[in-house]
Amino acid sequence: ITRTNPEVAVVGLNEDDLTRRDRKYKKSFIKFDELPISHIENFHHGFIKLLADHTNTHLLGATIVAPHAEVLITELAIVLRHNLSILELASTPHIINSYCYALRVAAKSLLTNQSKAKTKKAKSKTKSKSKAKSKSKATTSAKTTAKSPAKKAKATKPKLKIGALKKTKSKK
């Protein structure tokens, strides 16, 4: 902990340590501008950076630049010491109008980044399948229109019988 204004606190590994060790990791970077407390206390300069293993299950390190960083870093030190998961940190209730809430937001962003990556892969697979289906539909529809354009025009015109309408009106 460095006693400056704002305070700087670090726990666990940082990005340089992880790259030197050739470890894969994911990062969550939350600016205090994005949180309600920054508008309440008129503080817009800090951030929280969480580093998690590439599977997004456990915290590897954190850096906090904020007022009361020593209080925030203590919670993350407990998460590291007891090997708690990112999901456990994200599901722990925090008061919205406090600096602690930033920890929950940062942990949730790590989890949503993982789910977004999974959904992107799933969407790309379904897009490629739908493209293949649309290509096959386009070729079959092109064949049918090439064979009989007059039949298609007749099929689109609605058939109305005027006499049938008069009969239904007379019954009323």
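The residue count restarts for each chain, going from 1 along the sequence in the order it is written. In view of the model being predicted, local features appear only for residues whose pLDDT reaches at least 70, and side-chain atom pairs are presented and counted only at 80 or more, with totals across whole chains, interfaces and linings using the full set of residues. Note that water and hydrogens are dropped before the side-chain values are worked out from all heavy atoms of the structure.

### Quick word on the pairing of strand β4 (residues 59-66)
- Exposure categories follow from relative accessible area, calculated using a 1.4 Å probe and restricted to protein chains: below 20% of the type maximum is buried, above 50% is exposed, and the middle band is partly exposed. Strands are runs of DSSP state E lasting at least 2 residues, helices are runs of H or I lasting at least 4, and numbering of each runs from the N terminus. In terms of burial, β4 is largely enclosed, as eight of its eight residues are buried.
- Strands are treated as partners if at least two bridges between them are detected by DSSP. Pairing between strand β1 (residues 7-12) and β4: six bridges, direction antiparallel. The partner of Val11 across the bridge, within β4, is Ala62.
- Sheet topology places strand β3 (residues 47-53) next to β4; six bridges connect them, and they run antiparallel. For Leu50, the partnering residue across the bridge sits in β4 and is Ala62.
- The turn joining β3 and β4, which pair antiparallel and follow one another in sequence, is formed by five residues; a positive phi near 65 degrees is taken by Asn56.

### Concerning the confidence of the model for the protein
- With 65% of its residues at a pLDDT of at least 70, the protein reaches an overall mean of 78.
- For every residue, the predictor states its confidence as a pLDDT score lying anywhere from 0 to 100. We call two residues contacting when some pair of their heavy atoms lies within 4.5 Å. Predicted confidence is poor over residues 115-123, with pLDDT under 50, and the contacts of this stretch with residues over four places away or in other chains come to zero contacts.

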